[in-house]
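Residue-level structural notes
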Amino acid sequence: MRYTSTRGTAPALTFEEAMLTGLARDGGLYVPEEIPTLTHPEIAAMAGKPYEDVAFNVMRPFIGDTFTDAEFRSLIADTYASFGHTARAPMVQLAPNHFLLELFHGPTLAFKDFAMQLIGQMFKKALGRAGERVTIVGATSGDTGSAAIEAFKGLDNVDVFILYPHGRVSEVQRRQMTTPTESNVHALAVDGDFDDCQARLKDMFNDFEFRDAVKLAGVNSINWGRVLAQVVYYFSSAVSLGAPDRRVSFTVPTGNFGDIFAGYIAKRMGLPIDKLVVATNQNDILDRCLKGQGYHKGPTHPSISPSMDIQVSSNFERALFDAYGRDGNAVAQLMQELGEGGFDVSQGAMQALQDVYISGRASEEETSATITNRLATTGELLCPHSAVGVKVADEKRDPATPMITLATAHPAKFPDAVEAATGIRPPLPARMADLFERDERVTRIANDLDALKSHIKGHLAS
Ligand SMILES: *Cc1c(COP(=O)(O)O)cnc(C)c1O
């Protein structure tokens, strides 16, 4: 199994190389040369199996000979042992045929732990046996950074630097990044918004001298390993509702398009997914694009679902690559236009996108009202991101097909929005109840490439 770049000119890599490098040298994202499929009986056999077994069977065809079967099984076992629920990704019911997939039982209470914890284990194994060190730099709107720090803290072969937009993450998110005491983790509060953080990260990757000098590795949602780990819970949840003998639909609160793209991969692998619904907040550039209005950047409006406050949705490039018939030149052209403000999608590619994805959006008021009314009708407390999903799912679902909405974070991660909507301040799970008493360690830094580069170089362990 080899991986090629969405911009067509970087060399093809193995799974291990694609995972360790993150962004391709031509600025593109790595995608598998072909998508392996699972047969009907193979999918049916997942019913009733532990999450770890489903994970092994779904991901195994993608990793080539990077890990032996025994190694991979043990990495998966170590990855999910730290989760606070034995089902790992349990479901609760919201309404007849509408289910909520709880992806927030990992160590930082958001779905990002599913992939990041696995990436941490895979990096540790691959770097350890090669005797190599890397510098991980990530940009975050909040949840990726805390998940990355949690996954990589204390690992011997890794220094990790996380850029987050100063003042634009929730207090729980910030504290999850600034309170770990391990000396290989560094939280950087950037004077800018999330798109600025993401742009500086891309600048660092495109600065080959710096990239090679510090052995830069990326674990943002552009990393193929992240997408892959997220494919698993589409299978585990669908199978528990009767797939592959029954079709199911999914609604996914979306920002960088990584989670929903994993759903598309599941569908391509043979999981009978009916609708794949992209749910956005008021920053609805993806909803507008999928409705045929082109992809044109505007200002980002801070919302109560900050992990989806985005204009440049990185993984959408992977969707465009397939929609344009895997034409790397066409994608490179679109991404250049994006740098200048935006692009229009060709008619053929638009049709291809609409064959796979539908979309909707939730305003701030609608998100809040959804949190309020779900508490009243089901007793469930939703985080604002999950509420965006539930609101859009209600509009898009048809009663005969089970709808699974992804609950991407625990309500306690966004207590202000939840309290404003319900009067209830959701408590942190007992295993992290002392978060607010721990000391914080963070560096405030300008939105400036040189400042970031010299800070990173000056703080490497070796
Ligand atoms: C990251 C995140 C999202 C958006 O996921 P993408 O894969 O970037 O589309 C939604 N909700 C929460 C809570 C997140 O942390």
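Check the entry above for the structure.
**What about the overall build of the protein?**
Within the protein, the regular secondary structure consists of 19 helices and 15 strands. Relative to a compact globule of 462 residues, whose C-alpha radius of gyration would be 23 Å, the protein shows 20 Å and is just as compact. For the protein, the spread of C-alpha atoms along the three principal axes comes to 55 × 50 × 50 Å. By the burial criterion, 62% of the 462 residues in the protein qualify as buried.

**Examining the site of the ligand**
Surrounding the ligand, one finds 15 residues, the nearest of these being Lys112, Asp143, Gly255, Asn256 and Thr408. Within the backbone of Gly258, a nitrogen or oxygen atom sits 3.2 Å from an oxygen atom of the ligand. Separating a nitrogen atom of the ligand from a side-chain N or O atom of Thr408 is a distance of 2.8 Å. Here the shell around the ligand is composed, by residue class, of five nonpolar, seven polar and three charged.

**Digging into the packing of helix H5 (residues 112-130) against helix H10 (residues 224-240)**
Packing of H5 against H10 leaves a shortest axis separation of 8 Å and a crossing angle of 125 degrees. Taken together, H5 and H10 sit at an angle that is classed as oblique. As H5 runs across H10, the sense of the crossing is right-handed. Facing H5, whose interface residues are Lys112, Phe114, Ala115, Met116, Leu118 and Ile119, H10 presents Gly225, Arg226, Ala229, Gln230 and Tyr233. The residue makeup of the contact of H5 with H10, split by class, is seven nonpolar, two polar and two charged.

**Some thoughts on the packing of H5 against helix H6 (residues 143-152)**
Angle between the axes and distance between the axes: these two values describe a pair of packed helices. Across the interface, H5 lies against H6 with an axial gap of 8 Å and an inter-helix angle of 35 degrees. For the pair H5 and H6, the sense of crossing is right-handed. Contact residues: Lys112, Asp113, Met116, Gln117, Ile119, Gly120 and Phe123 in H5; Asp143, Thr144, Ala147, Ala148, Glu150, Ala151 and Phe152 in H6.

**Quick look at the pairing of strand S7 (residues 185-190)**
The buried fraction of S7 amounts to six of the six residues, a majority that puts the element mostly inside the structure. Here S7 shows no split at all, with Val185, Ala187 and Ala189 on one side and His186, Leu188 and Val190 on the other all buried. Where strand S6 (residues 158-165) lies against S7, six bridges are found, and the strand directions are parallel. Counted as the bridge partner of Tyr164 is Ala189 from S7. Where S7 meets strand S15 (residues 443-445), three bridges bridge the pair, whose relative direction is parallel. Of the residues in S15, the one forming a bridge with Ala189 is Arg444.

**Some thoughts on the sheet that holds strand S3 (residues 91-95)**
One open sheet accounts for six strands, arranged S3-S4-S14-S9-S10-S13; its pairing is mixed. Two strands lie at the open edges of the sheet, namely S3 and strand S13 (357-361), each paired on one side alone. Within this sheet the neighbouring strands show an average axis-to-axis angle of 25 degrees, counted without direction. Strand direction decides the pairing type here: strand S9 (residues 248-253) and strand S10 (residues 273-280), joined by five bridges, are parallel. Bridge pairing links Thr251 to Val277 in S10. Contacts from helix H15 (residues 347-356) reach S10 and S13, with the element oriented near 80 degrees to S13.

So, how was this worked out
- Residues numbered from 1 in each chain as written.
- Predicted model: local features only at pLDDT ≥ 70, side-chain atom pairs only at ≥ 80, totals over all residues.
- Heavy atoms only, no water.
- Helix = DSSP H or I, 4+ residues; strand = E, 2+ residues; numbered from the N terminus.
- Rg over C-alpha atoms; globule rule 2.2 N^0.38 Å.
- Buried < 20%, exposed > 50% of the residue type's maximum accessible area, 1.4 Å probe, protein only.
- Near = heavy atom within 4 Å.
- Polar contact = N/O pair within 3.5 Å; in protein donor to acceptor, adjacent residues only side chain to side chain.
- Nonpolar A, V, L, I, M, F, W, Y, C, P; charged D, E, K, R; others polar.
- Axes fitted to C-alpha atoms, helices over the stretch in contact; angles between N-to-C directions.
- Parallel < 35°, antiparallel > 145°, perpendicular 65-115°, else oblique.
- Left-handed = near helix turned anticlockwise from the far one by under 90°.
- Contact = heavy atoms within 4.5 Å.
- Pairing = 2+ DSSP bridges.

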